[in-house]
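Chain by chain, the residues run as shown.
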Amino acid sequence: MSDRPVVTRIAPSPTGYMHIGTARTALFNWLYAKHVGGKFLLRIEDTDRERSTEPAVQAIFDGLNWLGLTPDEEPVFQFSRADRHRAVVQEMLARGSAYRCYMTPDELAHERETARAEGRVIRSPWRDRGEGNYDADQPYVVRLRAATEGETLIADQVKGDVTFQNKDLDDLILLRTDGSPTYNLAVVVDDHDMGVTHVIRGDDHLNNAARQTQIYQGMGWDVPVWAHLPMINGPDGKKLSKRHGAQAVSEFDDMGYLPEAMRNYLAKLGWGHGDDEIFGDEQAQAWFDIKDVVGAPARLDWAKLAHVNNHYIREAEIDRLVGLVTRILKSRDWPLHDGDEAILQRTIPLVRDGAKTTLELADNVVFALKRRPLELPEKAIGMLNDETRGRLARLAAVYANVTDWSVPVLEETNRKFAESEGVGLGKIGPALRAVLSGGSPAPDLAGALVSLGKPESLARIDDALSRAA
Ligand code: GLU
């Protein structure tokens, strides 16, 4: 099998939102495929017609798209392949690796009881009875004729060797009485037909790997390489749930995390490259090997995610951040005006260093987008005594003559002004900041002045000075 080109896949069931664990599984499949120059595919496991929904399918597409984990081929929809699944079962019947089982519900219930009492798995009498001896109209299921002795070995790339005693595995149903294929059958047929060489998925499927191996063997097909990934738990080590903050990929988007930060951070959940915290896709693809994934559950660590996200916010193109912040402001019904884009262009570079998420980035720019006259917080109004007003007026006169409205020039201007007044900057700074920002988060004085631009800065100071004392 080693000479087959590597093909990995994710096979989510579209029954809800896209879980962050599915995203991490997708990432590892994608990284491994890229690492070896193979392909990464997507299969939508929509055979459960009652639970599968169109919005859930869309959530998978959107989640992968947002994360930048693009499959290399069109997605495969499992339900549409039911005829092929049935055809494979016919072939297994012909090969003798499957048989029709005509046990009635009563017989099955009785066998179940006996098996439980005898401490064994159920066995169908039809396994060795051969066909005949039955009424052709009677309903039947098709079962796998699995080995009853020996063991099935799963040489798992993450978990190590896991052996299953064949006597503990019953003859799996492949087709139900209504002719519908069962889950394990569909997975095997699809993975085989898609040329999947490496099945990398959550470790809740480890037991299925033994069942699925037997189906591969029943068809004489190559068994894929298995790699079962441990869960992502919450920070407290318990199963990730609502109370930990987020589970769905879309929630991480909504919370202001960047997709490249998610890729970087998720790669660290169960895998890593030494102590490296920050690495891009190229490095991850070059370094990643499925064998290096650790078997113990990973824990979501919000502080680490914030740290990684802040790094990518500081690296991002300003235009992109302007777009993201605009989207957030719109979602908050913030009234945007012509000219605001230019303000964002100027402000974002001055405030992004402190932002852990794009939501915080949006919080940090609103001071610059406010419309005059600003509402001032009580505290700021209290600061505007005669002395401060006098100083602000003299400072405004100095600003009026500044031609190069830039951070270094304004810093110098402020310093010199304080000197000429014979006071520390601390005497003017807080009031000026409040007057410029209306009490919202804002960068240092010079940064706030540059964000606003000269005319707006002077106008905001003027507004404050003309307030009735
Ligand atoms: N459809 C399964 C799930 O969503 C995954 C099956 C697989 O990866 O083999 O858990």
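Worth saying up front: this structure is predicted, and the values here are computed from it rather than measured.

Counting its secondary structure elements, the protein chain contains 20 helices and 12 strands. The C-alpha radius of gyration of the protein chain comes to 32 Å, more than 25% above the 23 Å expected for a compact globule of 469 residues. When contacts within the protein chain are restricted to residue pairs at least 6 apart in sequence, those whose partners lie at least 24 apart make up 76%. For the protein chain, the exposed surface amounts to about 22200 Å²; the carbon and sulfur share of it is 49%. Seen as two clouds, the 57 positive and the 71 negative side-chain charges of the protein chain have centres 3 Å apart.

Here the focus is the site of the ligand. Taken together, the neighbourhood of the ligand is formed by Arg9, Ala11, Pro12, Ser13, Glu45, Tyr183, Val187, Arg201 and His205. Arg201 is positioned such that a nitrogen or oxygen atom in its side chain is 2.8 Å from an oxygen atom of the ligand. One of the side-chain nitrogen or oxygen atoms of His205 is found 2.8 Å away from an oxygen atom of the ligand. For the ligand, whose accessible area on its own is 300 Å², the fraction buried by protein is 81%. Taken together, the residues that form the shell around the ligand break down as four nonpolar, two polar and three charged.

Read across the sheet, three strands follow the order β1-β2-β3 without closing on themselves; strand pairing throughout is parallel. Where the open sheet ends on each side, the last strands, each with one partner, are β1 (7-10) and β3 (76-77). Two strands pair when backbone bridges link them, and strand β2 (residues 39-44) and β3 are joined in this way by two bridges, in the parallel orientation. When the sheet's bridge partners are listed, Ile44 is paired in β3 with Phe77. The strands that helix α1 (residues 20-36) touches are β1 and β2; relative to β1, the one it contacts most, it runs at about 170°. Sheet contacts for helix α2 (residues 54-67): β1, β2 and β3; angle to β2, the most-contacted strand, approximately 160°.

For the pair α1 and helix α9 (residues 259-267), the least separation of the axes is 10 Å and the interaxial angle reads 85°. With respect to their mutual orientation, α1 and α9 come out roughly perpendicular. Residues Ile20, Ala23, Arg24, Leu27, Phe28, Trp30 and Leu31 of α1 touch α9, and the partners they reach there are Met262, Arg263, Leu266 and Ala267.

For the rest of this paragraph, the subject is the layout of surface pockets. If you roll a probe as big as a water molecule over the atoms, it shows you where there is empty space left. In this model, the largest pocket occupies a volume close to 1100 Å³. Lining the largest pocket are 44 residues, and of these Pro12, Ser13, Thr22, Asp204 and His205 sit closest to its centre. For the lining of the largest pocket, the secondary-structure elements that each account for two or more residues are β1, α1, α2, α3 (82-95), α6 (183-193) and β9 (198-202). Here the element with the most residues in the lining of the largest pocket is α1; it accounts for four residues.

The next subject is the environment of Asn401. Examined against the element boundaries, Asn401 turns out to sit in the loop between α16 (386-400) and α17 (407-421). Of the residues examined, Asn401 reaches a relative accessible area of 66% and is grouped as exposed. Counting along the chain gives 248 residues from Asn401 to Leu153, while the straight-line C-alpha distance between them is 81 Å.

Parameters at a glance
- Residues numbered from 1 in each chain as written.
- Predicted model: local features only at pLDDT ≥ 70, side-chain atom pairs only at ≥ 80, totals over all residues.
- Heavy atoms only, no water.
- Helix = DSSP H or I, 4+ residues; strand = E, 2+ residues; numbered from the N terminus.
- Rg over C-alpha atoms; globule rule 2.2 N^0.38 Å.
- Contact = heavy atoms within 4.5 Å.
- Areas by Shrake-Rupley, 256 points an atom, 1.4 Å probe, with all protein chains shown as cover.
- Lys, Arg positive; Asp, Glu negative; His and termini not counted.
- Charge placed at Lys NZ, Arg CZ, Asp CG, Glu CD.
- Near = heavy atom within 4 Å.
- Polar contact = N/O pair within 3.5 Å; in protein donor to acceptor, adjacent residues only side chain to side chain.
- Nonpolar A, V, L, I, M, F, W, Y, C, P; charged D, E, K, R; others polar.
- Pairing = 2+ DSSP bridges.
- Axes fitted to C-alpha atoms, helices over the stretch in contact; angles between N-to-C directions.
- Parallel < 35°, antiparallel > 145°, perpendicular 65-115°, else oblique.
- 1 Å grid on protein atoms, 1.4 Å probe; cavity = no way out; pocket = protein on both sides within 12 Å on 5 of 7 lines; lining within 4 Å.
- Points joined across faces, edges and corners; volume = space filled by probe spheres on them.
- Buried < 20%, exposed > 50% of the residue type's maximum accessible area, 1.4 Å probe, protein only.

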